[in-house]
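Each chain is listed here by its residues.
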Amino acid sequence: MAHRHAGPLTQQAFEKLLTCFSPDREQAGMEYETTRRKLIRFFASRSVESADVQADETINRVARRIDEGQQIDNLLGYFYGVARMVFKETIKEKERTPVPIDEVAPQVLRHKAPEPIEPDQRLLCFDRCLETLPPESRLLILEYYEGEGRIKIERRQELADRLRIPLNALRIRVHRIRLSLEQCIQNCLKQMQAQKQV
Amino acid sequence: MSQQSPTEVVKRYLLGVLPEEEREHFEQQYFSDNALFEEVELAEDDLVDRFIRGELTKDDRRLFEQALSGSPRLNERVEFARLLSNKTTSQPVPKVEPVPQPGFWQRLFSPEKYAFRLASGFAVLLFLVGSATVGITWMNLKQQSAVLSARDVELKQQNEAAAKELAQLAEKQAVNDRRAGDLEKQAAELEAQRQAIQQQIEASDRPLNLIARLTLEPGATRGEGEQPELTLNRNYSSLSLNIPLIDSDYPRYRAVVLTPDRKPVSKPRSLTPKSAASGKSLNLSVPLTGIKPGDYFVQVEGIDASGKTTPVDEYRFRLNAPPR
């Protein structure tokens, strides 16, 4: 594992990776985010604890390969192959280090476990993030999930009719708002945890 | 072989019950297909929402809880869904409604106006008390004058109210004009978004490019038992045939798929047998493009070390037309 956790990615390598996704900067950013979510899902579905860390490690490795000049025809297929390799390494590493608890070095024990998240913190972040959404997105997601049973179904159809889009397009639009909201809450909770530990 | 709808495949993947080989194949597909990946994410939203509303079947709920116990990410998603559900069921969502304006009479009898009228009345009263000292002869004239003054005040008040109302109407008109402009802009943006999403939907309607698997049985000409069959599906792009070998021990084999009148529908393939606990077998992959429903059989010949071929066995199977 010569290049495992081989330091942060250079700006140049990252720029090259984005260009491989798309010459259009905005499109490249979206492709990058989607690929990262795919990778997190890949690791999370294999019960890897720090799925996001392994996803970033995978991205770093691919970016370094591109920076070194490797020609990659099928970028997303290549990501999948590297993700599998990173996963296998994670398993091997886990198997290699079965340390009994009484032999753990004191400095390891000194590492603080993440503080549990209080329901109030989560609610606070939820409200904050909801406020940061554009008003039309905020109303759309709240109205989409409002009500129950048949009323909810009818309300969604009304909403789609009002926006003059098919129901499935509405579903996708709300899903994207939901994603950004969830991401905002995760960032907010991380900030709160960091402040607590300071 | 059991056939699954794409939705079922996604659900089984999310619940963690897709066999390893199928899971890897499915993952490879969504890695290269953003529309399919979005379907996976949408299906997970749905699964999480149904879980918190207690709408999953007993089995699905058990599987979901298993997946939940090993996934902090999924736990976070469930917590989020609970908050969202509480937010949207505990309080009505605020709707953008126009603020009702008070009517003319409400404004006329509003507390501020009433005080103003009282003050005016008091002034008139003072005026009357002052004029009483002038003399009885002037009393009637003064009284008339007071009445006229009061009327004048009232008229002034009405004028002021009308002017205010006009100003408010003009302000409202300006606000409405601005809103109309904003709405037009929003409509144009929504239309652009609608077109983009429509394109995505059309893209997501592509076939899933799955591999169908079928295990064959030896003895095509013996006519014993039922033959293996597969119902074709637009999502299948190729067919992987598992061909068990009975009492045969060649280092290599040659296999080709034929119609009942012995016309080949695949290129002859040279295959190396694979060993498993159940015995040796061959794996023949056949692209399904252009293959029609009907009966087929695989002709298998053994190739010895000198390259000489000898017929080994034939394996029949049937491809059914996709359901309408």
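Our subject is the structure listed above.
Residues numbered from 1 in each chain as written. Chains lettered and ligands numbered in written order. Predicted model: local features only at pLDDT ≥ 70, side-chain atom pairs only at ≥ 80, totals over all residues. Heavy atoms only, no water.

A.B. asks: I would appreciate a short explanation of the sheet that holds strand S3 (residues 236-244) of chain B in the present structure.
C.D. replies: Note on sheets: strands pair through backbone hydrogen bonds, and any given pair is parallel or antiparallel. All names here are of chain B. As summarised here, the arrangement of the four strands in space is S1-S3-S7-S6, forming an open sheet in which the pairing is mixed. Here the strands that pair on one side only, and so sit at the sheet edges, are strand S1 (210-215) and strand S6 (274-276). In this sheet, adjacent strand axes meet at a mean angle of 30 degrees when their direction is disregarded. (Pairing = 2+ DSSP bridges. Helix = DSSP H or I, 4+ residues; strand = E, 2+ residues; numbered from the N terminus. Axes fitted to C-alpha atoms, helices over the stretch in contact; angles between N-to-C directions.)

A.B. asks: Just to check I follow, could you spell out the state of the cysteines for this structure?
C.D. replies: When the sulfur atoms of two cysteines share a covalent bond, that bond is a disulfide. All names here are of chain A. Under the counting rule described, the total for this entry stands at two disulfides over all chains. The disulfide bridge from Cys125 ends at Cys188, spanning 2.0 Å between sulfur atoms. Taking the torsion about the sulfur-sulfur bond, which here is approximately -75 degrees, the covalent link between Cys125 and Cys188 counts as left-handed. Of this pair, Cys125 sits in helix H6 (residues 119-132) while Cys188 sits in helix H9 (residues 167-197), and the two are 63 residues apart along the sequence. Comparing Cys125 with Cys188, the two get one shared label, buried. Sulfur-sulfur distance for the disulfide between Cys129 and Cys184 comes to 2.1 Å. (Disulfide = S-S within 2.5 Å. Buried < 20%, exposed > 50% of the residue type's maximum accessible area, 1.4 Å probe, protein only.)

A.B. asks: Can you walk me through the pairing of S3 of chain B in this structure?
C.D. replies: Successive residues of a regular strand alternate their side chains across the two faces of the sheet. All names here are of chain B. Pairing between S1 and S3: six bridges, direction parallel. Across the sheet, the residue bridging to Leu214 is Leu241, located in S3. Alignment of S3 against strand S7 (residues 279-287), held across seven bridges, turns out to be antiparallel. Within S7, the position partnered with Pro244 by the bridge is Ser281.

A.B. asks: How do you make sense of the sheet that holds strand S4 (residues 252-258) of chain B when you look at a structure like this?
C.D. replies: Residue and element names in this part refer to chain B. Across the sheet, which stays open at both edges, the five strands sit in the order S2-S9-S8-S4-S5 with mixed pairing between neighbours. Where the open sheet ends on each side, the last strands, each with one partner, are strand S2 (229-231) and strand S5 (269-271). Here the strands of the sheet are splayed against their neighbours by 30 degrees on average, with no regard to which way each runs. Of the strand pairs in this sheet, S4 and strand S8 (residues 294-303) are connected by seven bridges, and their pairing is antiparallel. Looking at the pairing, Arg252 lines up with Ile303 of S8.

A.B. asks: Before we go on, may I ask you to explain the interface of chain B and chain A in this structure?
C.D. replies: Quite often, the size of an interface is put as the accessible area lost when its parts meet. Counting from both sides, the interface comprises 48 residues of chain B and, opposite them, 51 residues of chain A. Here chain B meets chain A over a buried area of about 4,600 Å², counting both sides, of which 57% is carbon and sulfur. Among the residues chain B hides against chain A, the three largest losses belong to Phe31, Phe80 and Leu83 of chain B. Together they make up 16% of the total. Counting across the interface, chain B meets chain A through 10 salt bridges. Among the salt bridges present, the one from Glu182 of chain A reaches Arg77 of chain B, with a minimum N-O distance of 2.7 Å. There are 20 residue pairs in polar contact (both at pLDDT 80 or more) connecting chain B and chain A. Listed by contribution, the elements that provide at least two residues to the side of chain B that touches chain A are helix H1 (6-14), helix H2 (20-32), helix H3 (34-52), helix H5 (72-90) and helix H8 (139-204) of chain B. For the side of chain B that touches chain A, the residue count by class is 20 nonpolar, nine polar and 19 charged. (Contact = heavy atoms within 4.5 Å. Buried area = accessible area lost by both parts, 1.4 Å probe. Salt bridge = Lys/Arg side-chain N within 4 Å of Asp/Glu carboxyl O. Polar contact = N/O pair within 3.5 Å; in protein donor to acceptor, adjacent residues only side chain to side chain. Nonpolar A, V, L, I, M, F, W, Y, C, P; charged D, E, K, R; others polar.)

A.B. asks: Help me understand the pattern of salt bridges, please; the structure alone is not making it clear to me.
C.D. replies: Oppositely charged side chains can form a pair if their charged atoms are brought close together. Under the criterion given, the structure shown has 33 salt bridges over all chains. Residue Arg77 of chain B pairs with Asp45 of chain B through a salt bridge whose shortest N-O separation is 2.6 Å. Of this pair, Arg77 of chain B sits in helix H5 while Asp45 of chain B is found in helix H3, placing the two residues 32 residues apart along the sequence. Here Arg77 of chain B and Asp45 of chain B have matching classes, each one buried. Counted as one network, the salt bridges with shared partners bring together Arg41, Arg178 and Glu182 of chain A together with Glu44, Asp45, Asp49, Arg73 and Arg77 of chain B.

A.B. asks: Mind showing me how you'd approach the packing of aromatic side chains here?
C.D. replies: Aromatic ring pairs are defined here through the distance separating the ring centres and the angle between the ring planes. Residues and elements named next belong to chain A. If you walk through the whole model with that rule in mind, you get 17 aromatic pairs over all chains. Ring geometry for Phe21 and Phe79: centres 5.8 Å apart, planes at 10 degrees, overall stacked. Taken together, the residues span a long stretch of sequence, with Phe21 in helix H1 (residues 11-21) and Phe79 in helix H4 (residues 75-96) at a distance of 58 residues. In this structure Phe79 comes out as buried when scored by relative accessible area, which is 0%. On the basis of an interplanar angle of 90 degrees and a centroid distance of 5.1 Å, the ring pair of Phe42 and Phe43 is categorised as edge-to-face. (Phe/Tyr/Trp six-rings, centres within 6.5 Å; stacked < 30°, edge-to-face > 60°.)

Taken by themselves, the reported measurements are silent on function.
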